[in-house]
There are 2 protein chains.
Amino acid sequence: MEEEGGSSTLRVLVATDCHLGYLDKDEERRFDSFDTFEEICSLAEKHKVDFLLLGGDLFHENKPSNSTLVKTIEILRRYCMNDRPVQFQVLSYQAASLQNRFGQVNYEDSNYNIGLPVFAIHGSHDGPTGVDNMSSNDILSAGNFLNYFGKTDLGCTGISKTTVYPVFIRKGKTYVALYGVGNIKDERLNRMLNEPHAVNWMLPEIRDEIDWFNILVLHQKRKKASPSSGVSERLLPRFLDLVIWGHEHECLIDPEEVSGMGFHVTQPGSSIATSLINAEAKPKHVLLLEIKGTQYRSTKIPLQSVRPFEYVEVVLEDQVDVDPSDEATIHAYLHKIVSNLIEKVRETTASGSELKLPLVRIKVDYSGFSIINSKQFGQKYVGKVANPQDILHFTKSGERCKNTQESTNSFGEVDTNDLNKQTIEALIPETNLQLEILHLNDLNSALHEFVNNDDSMAFHSYLKQSIDEAREPGKKPITKGRQGSQNLLTGALSVLESDDEPIESSDPEESGSSQQTGRKRRAAPGGGDGGSAASAAGRRKTDLASFQRAPKKEDDADASKERRTPVAPGRYGAVIRRRG
Amino acid sequence: MEEEGGSSTLRVLVATDCHLGYLDKDEERRFDSFDTFEEICSLAEKHKVDFLLLGGDLFHENKPSNSTLVKTIEILRRYCMNDRPVQFQVLSYQAASLQNRFGQVNYEDSNYNIGLPVFAIHGSHDGPTGVDNMSSNDILSAGNFLNYFGKTDLGCTGISKTTVYPVFIRKGKTYVALYGVGNIKDERLNRMLNEPHAVNWMLPEIRDEIDWFNILVLHQKRKKASPSSGVSERLLPRFLDLVIWGHEHECLIDPEEVSGMGFHVTQPGSSIATSLINAEAKPKHVLLLEIKGTQYRSTKIPLQSVRPFEYVEVVLEDQVDVDPSDEATIHAYLHKIVSNLIEKVRETTASGSELKLPLVRIKVDYSGFSIINSKQFGQKYVGKVANPQDILHFTKSGERCKNTQESTNSFGEVDTNDLNKQTIEALIPETNLQLEILHLNDLNSALHEFVNNDDSMAFHSYLKQSIDEAREPGKKPITKGRQGSQNLLTGALSVLESDDEPIESSDPEESGSSQQTGRKRRAAPGGGDGGSAASAAGRRKTDLASFQRAPKKEDDADASKERRTPVAPGRYGAVIRRRG
């Protein structure tokens, strides 16, 4: 039954990495993250979307300040609470996918008048920590301001398993399975994705005659952008149709096909620049996603409220009018660049719109020159740029090469966040400690939690779990006192804790279904949803509000048949459900 | 017009110092504060009160953990959101008294279905801090879970002024002006209450024919309990009818008349013990307050969920069976006491009710004896008492006397919180610094904020305000650089920053209205509201939704007349409106 007014088209506004509260103590920039989040909410309202979907790092910190929480709640309350009818239903058992005590999607609570539902996963900044494994998203979820999904409690040690239940959504004739995986440490998720049966992707158990669209929202470093680390798209299950990739701040929002995997990836990028690098200087966008049947259309919408950010790179050696023996010429040259950039911003800002002081960053290769005082240089621009204190960033060609090998994103930029993190982690291996109950990786995680998320219980939780684990049958019990401490040294778990870089797999085991290459196209506007019924034929008729596990990998070739009956837990299945 | 079913009786449940999140990392006790808060909410439901009134320190910390916020919001959501009709109205201009961006009482937001409104002030633990002056209550207020009132932004320096607007409530024929003053540092509030015109108590400007009941909720150390510091009841305005005193943890909940002041004080006490002292070992209660016309009835309701707490004091010298030369006899004696206390708790716990491990504290005067290891002593009680690590608290008679002089509550107990605070504050005076722009008191406040509230911006905010103040006309401007720092030394503000202990005033200036002594009685159950119309006669008819300032102190004697017309700002007025 097609309903009136295109009501089989599910409209979703997608944004990620809003980093609410970023620089909330900087007088000039403290409202930036909120301004843009408010713009995003107003775009959701303007485009009459069914819901807003957020890909993690909604908050810049796991423990946002009171002020940040208040501002965030105020914005959500203004935009989400209204009389507009919600025109989609969640068919799946809600408590399986939504992490809140009330076990339901927020707009179904009859005590609230919610017109704009928000679905969100956590990111790397605002993930769950502490004894109760609480994310800042949980606060919003408890207050019924958003639907937090993709939260898993993996524990601290060993190989983890997780089961991912989708939020299964229906609007008219369109069905969407929305999978969420909030940030997990990259190495850990890699290990899990490489391990059979570690991630169970649950499929909705559903009536025969329908087909649906599969979306995964995740928040990880993307191997494509950081070849030396991050998670590869190729480890994701092939039954997906669209992957929304949070964490990477560069806006690569147009969905791009991953060859051989049968899905597209959109990387919306952050809505605020948190590093003054080239990738962040590009225009910021959000994505309007319209899904009809199993086809989708994506429209990128530029964000207007983002603070202007101009970035250039210069090599002093290459400049004819700069004299190494005369510092004044360096100053003059760099000042001229800054002035030009400020002028450029002024010209391009639409008249009538609010003029925010721009961010300006010049990456200066000063090889063969002496460095100049960056803070002093910037004093001239107080009140003219938003970051007078760090306009200049000096590198040497040599350093640049070295850094590129160590930790760079795909643009040869050093990600200072990464450098900090690596320094922390480097501390432990250097001590040559033999840790056998306390696993290095997990100790690293705890240290991370402690430093980055200010989680004073990180070590406590970790220690407790490690000791509990060590007490399991088959391992020597831990006894109290000095003698007992000798017993702490067992090597039983070391095989699980290999520090090896996970292999970037082109997934040869799964080549049985690689014929799917190219089967996904970006759907034409308003395209029909034909083609779904055929391959779906023969599925068992069951209650929509239940799930079955995805078929085992080995069964992929026969997936269309196997799927009819519940099967044993498997890694995931490449679901074939469209005609070649 | 009397409405059906006693609907002119305003029913309020009063609680204070819930300290949500107290000991949230203690495995045994982490849920205590939430259990009791949930009981309080369920009592509000059971007794069908019109609203719940909280007297500060709802949270134990200004920056509660995510887990604490989530648990709190979940409780409020379960009890406050329902279909029960709210049967009172707020007649006053709501934005004047309620601190939230939406400027209205929470149950009037048509997007929320609120059946149990909550009104709350902040306390000393959860007060506003940071650049935006945000309390943890602001988070709940932004999320529409409570009505936060009594918040004032006094700035950091100098004599402060504040205007207190009541929430003016009507239920049937009953009118209540609810004043709130969230915690202000005791010395500062004392200074303000002693200074003419520093506190403006606004009166509702109201139709002639009605009279109303005046309540003040405040959260301060009470001079009566701590004679050397705290705020005296006698500095409060005489027009009040009932003062609800938060902060003091001892339950002295039965309203007590303050002679000569014409009002009663109820001190509900905390709903959780945060110090193991005698005052906290007494049974905890909340207050059911029923107001009809200008009379009220109070009923104390015992809290059942509070963890049992047994407290005894022993003097070893006085015990015949304890031998100073034989430590074993000390152990045996103390163990016997603990066993008896545990047994006592077991016997008195109602069968069928959940048995929480008790708190046990023995204050041991060990003069003439040697101390024993308290932690070791407690090991025997792991799993039997909730605080095995600190059952014993050793004092010497000499020490006890010394402490009593320095910082004790009225029971001769050392308040360890106070001791901590005094240590911090003692740091600065000892350095003999000459601070003339940076005022000692306010530097103390900032240090307090920084240490106790984890407010990393405390010094920044304070410094900014001090410097701004120093830049005012009539003072030497601050210039940058080394030379300029000489100019920081001006003595202009020192007179405002007197460190003198405020005089406990019996308020001779106000004796003109002391004839009111005894005019307040605790109303008989169901008592009428007679006697109100006469003195109220002649009041100007105006819009109910506006305020006028309370008459000047000098006008007190003529208050009943003066009140008819708006008057110049005054300190406060003793409103005479009942027949002798």
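Rules used in this analysis
Residues numbered from 1 in each chain as written. Chains lettered and ligands numbered in written order. Predicted model: local features only at pLDDT ≥ 70, side-chain atom pairs only at ≥ 80, totals over all residues. Heavy atoms only, no water. Helix = DSSP H or I, 4+ residues; strand = E, 2+ residues; numbered from the N terminus. Buried < 20%, exposed > 50% of the residue type's maximum accessible area, 1.4 Å probe, protein only. Contact = heavy atoms within 4.5 Å. Areas by Shrake-Rupley, 256 points an atom, 1.4 Å probe, with all protein chains shown as cover. Pairing = 2+ DSSP bridges. Phe/Tyr/Trp six-rings, centres within 6.5 Å; stacked < 30°, edge-to-face > 60°. Lys NZ or Arg CZ within 6 Å of the ring centre and 35° of its normal. Least-squares fit on C-alpha atoms with pLDDT ≥ 70 in both. UniProt positions renumbered as here; feature names shortened; annotations may be inferred. Polar contact = N/O pair within 3.5 Å; in protein donor to acceptor, adjacent residues only side chain to side chain. Axes fitted to C-alpha atoms, helices over the stretch in contact; angles between N-to-C directions. Expected span 1.5 Å × (residues − 1).

J.: What exactly am I supposed to notice about the overall build of chain A here?
T.: Within chain A, the regular secondary structure consists of 15 helices and 19 strands. Taken over 580 residues, chain A has a buried fraction of 57%. Considering only contacts within chain A whose residues lie at least 6 apart along the sequence, 74% involve residues at least 24 apart. Element-wise, carbon and sulfur atoms account for 50% of the exposed surface of chain A, whose accessible area totals about 24100 Å².

J.: Explain the pairing of strand β14 (residues 285-292) of chain B here, please?
T.: On any regular strand, side chains alternate: one points to one face of the sheet, the next to the other face. Residue and element names in this part refer to chain B. The buried fraction of β14 is high, at 7 of 8 residues. Where strand β1 (residues 9-15) lies against β14, 6 bridges are found, and the strand directions are antiparallel. Looking at β14, one finds that Arg11 is bridged to Glu290. Pairing of β14 with strand β15 (residues 295-302) involves 8 bridges; the strand directions are antiparallel. Across the sheet, the residue bridging to Val286 is Ile301, located in β15. Counting the residues in the hairpin turn of β14 and β15 gives 2 residues, including Gly293, whose phi is positive at 60°.

J.: Explain the sheet that holds strand β3 (residues 89-90) of chain A here, please?
T.: Strands pair in a sheet through their backbones, by hydrogen bonds, and they do so in one of two ways: parallel or antiparallel. Residue and element names in this part refer to chain A. Judged by pairing direction, the sheet is mixed, and its 7 strands sit side by side in the order β3-β7-β8-β10-β11-β13-β12 without closing on themselves. Across the chains shown, the open sheet's two edge strands, defined by having one partner strand only, are β3 and β12 (252-258). Inspection of the sheet shows strand β10 (residues 213-219) paired to strand β11 (residues 242-246) by 5 bridges, in the parallel sense. Each bridged residue has a counterpart across the sheet, and for Val217 the counterpart in β11 is Ile244.

J.: Please clarify how the packing of aromatic side chains should be interpreted in this entry.
T.: Under the defined criterion, the tally for this structure stands at 29 aromatic pairs over all chains. Centre to centre, the rings of B:Phe51 and B:Phe88 are 5.2 Å apart; their planes meet at 55°, and the pair counts as tilted. Of this pair, B:Phe51 sits in strand β2 (residues 51-54) while B:Phe88 is found in the loop between α2 (66-80) and β3 (89-90), placing the two residues 37 residues apart along the sequence. Aromatic ring contacts, followed pair by pair, group A:Phe51, A:Phe88, A:Tyr107, A:Phe119 and A:Phe149 into a single cluster. Positioned above the aromatic ring of B:Phe102 is the side chain of A:Arg77, whose terminal nitrogen or guanidinium carbon lies 3.7 Å from the ring centre.

J.: Would you mind showing me how to read the relation of the copies chain B and chain A here?
T.: The relation between the two chain copies is a rotation about an axis coupled with a shift along that axis. Overlaying chain B on chain A yields an RMSD of 0.0 Å, the required transformation being a rotation through 180° with an accompanying axial translation of 0.0 Å. Viewed as a symmetry operation, the transformation between the two copies matches a two-fold axis. For chain B, the smallest separation between a C-alpha atom and the rotation axis is recorded for B:Tyr112, amounting to 2.5 Å.

J.: What is the right way to look at the UniProt feature "active site" (unreviewed entry) in chain A in this model?
T.: Residues and elements named next belong to chain A. When the UniProt feature table is mapped onto this chain, "active site" (unreviewed entry) is found at His125. On the basis of relative accessible area, His125 is assigned to the partly exposed category, the value being 22%. Of note is the side chain of His125, whose polar atom sits 2.9 Å from the backbone oxygen of His60.

J.: Can you walk me through the sheet that holds strand β18 (residues 392-395) of chain B in this structure?
T.: Residue and element names in this part refer to chain B. The strand order across the open sheet built from 3 strands is β16-β17-β18, with neighbouring strands paired in parallel fashion. Every interior strand has two partners, whereas the edge strands, β16 (309-315) and β18, have only one. Here the strands of the sheet are splayed against their neighbours by 15° on average, with no regard to which way each runs. When β16 meets strand β17 (residues 359-365), the two strands line up parallel, connected through 7 bridges. Bridge pairing in β17 places Val315 opposite Asp365. Packing against the sheet, helix α7 (residues 327-348) makes contact with β16, β17 and β18, and its axis sits at approximately 155° to β16.

J.: Explain helix α2 (residues 66-80) of chain A to me, please; I cannot follow it from the model alone.
T.: Every α-helix carries 3.6 residues per turn, so stepping three or four residues along brings you back to the same face. Here α2(A) spans 21 Å end to end across 15 residues, near enough to the 21 Å set by a 1.5 Å rise per residue. Within α2(A), 14 of the 15 residues are buried, which leaves it mostly tucked inside the rest of the structure.

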